[in-house]
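This is what each chain is made of:
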Amino acid sequence: MSDQSTGPSSTEQTISNLLKEERRFEPPADLAASANVTADAYDAAAADREAFWAEQADRLTWATKWDQVLDDSNPPFFKWFTGGTLNASYNCVDRHVEAGRGDKVAIHWVGEPITGGADDTRDITYAQLKDEVSQAANALTALGVSKGDRVAIYLPMIPEAIVAMLACARLGAPHTVVFGGFSADALASRVDDCEAKVVITSDGGYRRGTPSALKPAVDEARTKTDKIEKVLVVRRTGQEVAWDDAVDVWWHDAVGSASTDHTPEAFDAEHPLYVMYTSGTTGKPKGILHTTGGYLTGAAYTHHAVFDLKPETDVYWCTADVGWVTGHSYIAYGPLANGVTQVLYEGTPDSPEPGRWWKIIQDYGVTLFYTAPTAIRSFMKQGSEVPDSFDMSSLRILGSVGEPINPEAYVWYRHVIGGDRTPVVDTWWQTETGAVMISPLPGVTAGKPGSAMTPIPGIEADVVDDEGRSVPNGSGGYLVVTSPWPSMLRTLWGDDDRYVDTYWSRFKKQGFYFAGDGAKKDEDGDIWVLGRVDDVMNVSGHRLSTTEIESALVSHPKVAESAVVGATDPDTGQAVVAYVILRNEAGDGGPDIIKELSDHVRSQIGPIAKPRQIMIVPELPKTRSGKIMRRLLRDVAEGRTVGDTQTLADASIMDLISAGQATST
Ligand code: WTA
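In the annotation of an unreviewed UniProt entry, the entry for the chain reads Acetyl-coenzyme A synthetase, and the organism field reads Nocardioides caeni. Taken from UniProt, the Cofactor (unreviewed entry) comment for the chain reads in full: "Mg(2+)". UniProt's Sequence similarities (unreviewed entry) comment on the chain is quoted here verbatim: "Belongs to the ATP-dependent AMP-binding enzyme family."

A. Highlighting the domain arrangement of the chain. The domain architecture assigned to the chain consists of domain 1 (29-521) and domain 2 (540-663). Distance between the C-alpha centres of domain 1 and domain 2: 31 Å. Taken together, the contact pairs 15 residues of domain 1 with 21 residues of domain 2. Counting each side, the surface lost to burial between domain 1 and domain 2 is near 1600 Å², with a carbon and sulfur contribution of 52%. In this structure, the connection of domain 1 to domain 2 is made through four residue pairs in polar contact (both at pLDDT 80 or more). For the side of domain 1 that touches domain 2, the residue count by class is six nonpolar, five polar and four charged.

B. Expanded view of unusual backbone geometry. Each neighbour pair has its own omega, and for P75 with P76 the value is 0 degrees, a cis peptide bond. The residue P76 is located in the loop between β1 (68-71) and β2 (79-82) in this model. Cis peptide bonds are those with omega within 30 degrees of zero, and the linkage from S351 to P352 qualifies with -5 degrees. In this fold, P352 is placed in the loop between β17 (341-345) and α13 (356-364). The phi dihedral of R208 is positive, around 50 degrees, even though this residue is not glycine. One can find R208 in the loop between β9 (204-207) and β10 (210-213). Given a relative accessible area of 53%, R208 falls into the exposed group.

C. Quick look at the pairing of strand β16 (residues 315-318). Every second residue of β16 is oriented toward a common face, with V315 and W317 on one face and Y316 and C318 on the other, all of them buried. Summarising the sheet, β16 and β17 pair through three bridges and their orientation is parallel. When the bridges of β17 are listed, V315 appears paired with T341. One crossover worth recording links β16 to the parallel β17 by way of helix α12 (residues 325-337), and it is right-handed. Bridge analysis of β16 against strand β18 (residues 368-371) gives three bridges, and the strand direction is parallel.

D. Geometry of the site of the ligand. Of all residues adjacent to the ligand, which total 16 residues, the nearest are D426, T427, T431, D517 and R532. At 2.7 Å from a nitrogen atom of the ligand is found a main-chain nitrogen or oxygen belonging to T427. In the complex, the protein chains occlude 90% of the 520 Å² of accessible area that the ligand would expose alone. Breaking the shell around the ligand down by element, the ones donating at least two residues are α12, β20 (424-427) and β25 (527-532). A per-class count over the shell around the ligand returns six nonpolar, five polar and five charged.

E. Representation of the environment of V425 in the model. In this structure, V425 sits in strand β20. Sequence separation between V425 and I397 is 28 residues, and the spatial gap between their C-alpha atoms is 7.5 Å. In this view, V425 contacts V306, F307, I397, L398, G399, S400, S439, P440 and P442; residues no more than four positions away in its chain are not counted.

F. A look at the side chain of D526. On the secondary structure map, D526 appears in the loop between β24 (513-521) and β25. Taking the relative accessible area as the measure of exposure, D526 reaches 10% and is therefore buried. At a separation of 2.6 Å, a polar atom in the side chain of D526 contacts the side chain of K448.

G. The packing of helix α7 (residues 159-171) against α12, seen in detail. Packing of α7 against α12 brings their axes to within 11 Å, and their N-to-C directions diverge by 60 degrees. When the axes of α7 and α12 are compared, the pair comes out oblique. Here α7 and α12 pass one another in a crossing that is right-handed. On α12, the residues that touch I162, M165, L166 and A169 of α7 are H328, I331, A332, Y333 and L336. Looking at the contact of α7 with α12, its residues break down into eight nonpolar, one polar and no charged.

H. Region of interest: the environment of E22. Relative to the helices and strands, E22 is located in the loop between α1 (10-19) and α2 (29-33). Taking relative accessible area as the criterion, E22 reaches 65% and is therefore assigned exposed. Taking the C-alpha atoms as reference, E22 lies 21 Å from I417; in sequence the two are 395 residues apart.

I. Spotlight on the sheet that holds strand β21 (residues 461-464). A sheet is described by the order of its strands in space; here four strands give the open sequence β21-β22-β24-β25, paired in antiparallel fashion. The sheet is open, and its two edges are formed by β21 and β25, each paired on a single side. Across the sheet, the axes of successive neighbouring strands diverge by a mean angle of 45 degrees, strand direction being ignored. Both β21 and strand β22 (residues 476-481) contribute to a ladder of four bridges, which runs antiparallel. Within β22, the position partnered with A461 by the bridge is V481.

Rules used in this analysis
- Residues numbered from 1 in each chain as written.
- Predicted model: local features only at pLDDT ≥ 70, side-chain atom pairs only at ≥ 80, totals over all residues.
- Heavy atoms only, no water.
- UniProt positions renumbered as here; feature names shortened; annotations may be inferred.
- Domains from an automatic or database assignment.
- Contact = heavy atoms within 4.5 Å.
- Buried area = accessible area lost by both parts, 1.4 Å probe.
- Polar contact = N/O pair within 3.5 Å; in protein donor to acceptor, adjacent residues only side chain to side chain.
- Nonpolar A, V, L, I, M, F, W, Y, C, P; charged D, E, K, R; others polar.
- Helix = DSSP H or I, 4+ residues; strand = E, 2+ residues; numbered from the N terminus.
- Buried < 20%, exposed > 50% of the residue type's maximum accessible area, 1.4 Å probe, protein only.
- Pairing = 2+ DSSP bridges.
- Right-handed = clockwise from strand over helix to strand, strands pointing away.
- Near = heavy atom within 4 Å.
- Areas by Shrake-Rupley, 256 points an atom, 1.4 Å probe, with all protein chains shown as cover.
- Axes fitted to C-alpha atoms, helices over the stretch in contact; angles between N-to-C directions.
- Parallel < 35°, antiparallel > 145°, perpendicular 65-115°, else oblique.
- Left-handed = near helix turned anticlockwise from the far one by under 90°.

This is how it looks when you write it as structure tokens:
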């Protein structure tokens, strides 16, 4: 990845040009004038990082104040706020009630079905949330859960998911939330790995208007692992469920009958809060471990800073599922620690009508909205007519997370959804980092479409070459975090060696955290995350990013979405293979569509980036969290049998794509 050339080739020059996006969006003056965080925070944090983070930790309520901000005596096993004690659930719930804000709505929950004209909704105040969390904590205690025990949560996007997480946190029992779309096998392997003794699930949930069952997967998981002692079942859909009296317990019985009194115990700042499994480069998922004090500090501070959160007036909505880290940091922990009112939505973006999301924004007056580029691109595909028919003038900041956002998608998001008023915060972070690391600040930064810009105050990150040397502006390399931060992962569950190997051995000498992403610093030193290092292609010795070519394709008026992979090629090492979804209004694109797109990429980036093959496809293979599975597309491009499709949201997509490939060659 290092810039080894003596002078930039014409290709590198043109890539740099693409990245030198000309459009800039200054913060709105009123937002800048009243921003939570201003430009001087960067200097303050740099001058004394530990003092800065101590100040952020003071956002929380501690039972015992810490002795030391950062204990770096045994790297990379860093500890934060040692000696301090606190309870995360108390911080997210009780303290708001004690401060007289018990009647404030914590969660506007919106169920997917719209039955008989009356929406399936629930407003939950902080006082009600405190009662339910206390009841759930008492019920879990009665089921034998105590401090240190692990609990798996396998639920749809219903309020009980948040209640369950907070009840576990209240007891000091680390939770592991397994996304409801995962299979019984995936659930069993996670339960097994962290030895969870209780699983909290539901009969089912609603997806596109149809009840879809969950409990059978737990029943099946119990045949694959012997760790599960009790299963606590929320009744959501009323579906028939198989029942084992020795194991299964209804939520409404156990939680419903429990006392609303529960005194939270204060735990050590480094007490484990949760384990979140994420895929690594090998087959076995990694159990990312987050602890209490530093994590909650990071989640609360970043939510305050990056969304310029005004808890008195803002209505916040993050569309992520609680089964992913975004749902942990920016639905459960950050927003609730900050005492905000938020929307929680159960279903899919376009059910039962294409404008469902925009209607929710209109109905609840959402001011801060956080979603993923993949969703934005799929809305782009449908055009602006639907969103234009809703009043979304309440919106003041839009966020993006999960993958690089193409400049065109960024501009569409800002223009069509944000009415050209709203800054877009492109937030780079990972399950491992626990909280946002690189992002514009909405009241400070003049945003560039496609760039995550700079590390936020308190975070130190850089782009380095193979040797770990900071690359000059205008060059690319590896994204690293150069000093520890409070919400960092502490280890991989039960596997300290893999933790050290995966993240800390690549730049061991420098002691940098290796994020696994490639990035580029532009001429101003702003950071453009290019995607996972393994998605970077090498074509005839030239480095090309899948994202750059995807951006070029998406900037063509007929293209809605694209995915690019590097396929092994006997002549050039790797060759570019592009899969493209056309916009509805483009029809089949016309007879010359392939040439048109190919010429477009050629003119946008250069001849070297011209795809060897372009395939027009109806859909792209995505994981249930919306990430494109390039590995499968690479299989097709290289003529191999398509590999494991277990984590795909819709496995039949690969059959369609493979069939298209067979006829196109
Ligand atoms: C990618 C999600 C570019 C990146 C919070 C990272 C991004 C991985 C961005 C982590 C962004 C996330 N721009 N790439 N704003 N945000 N990524 O663990 O490759 O599901 O390493 O965490 O997503 O994904 P994860």
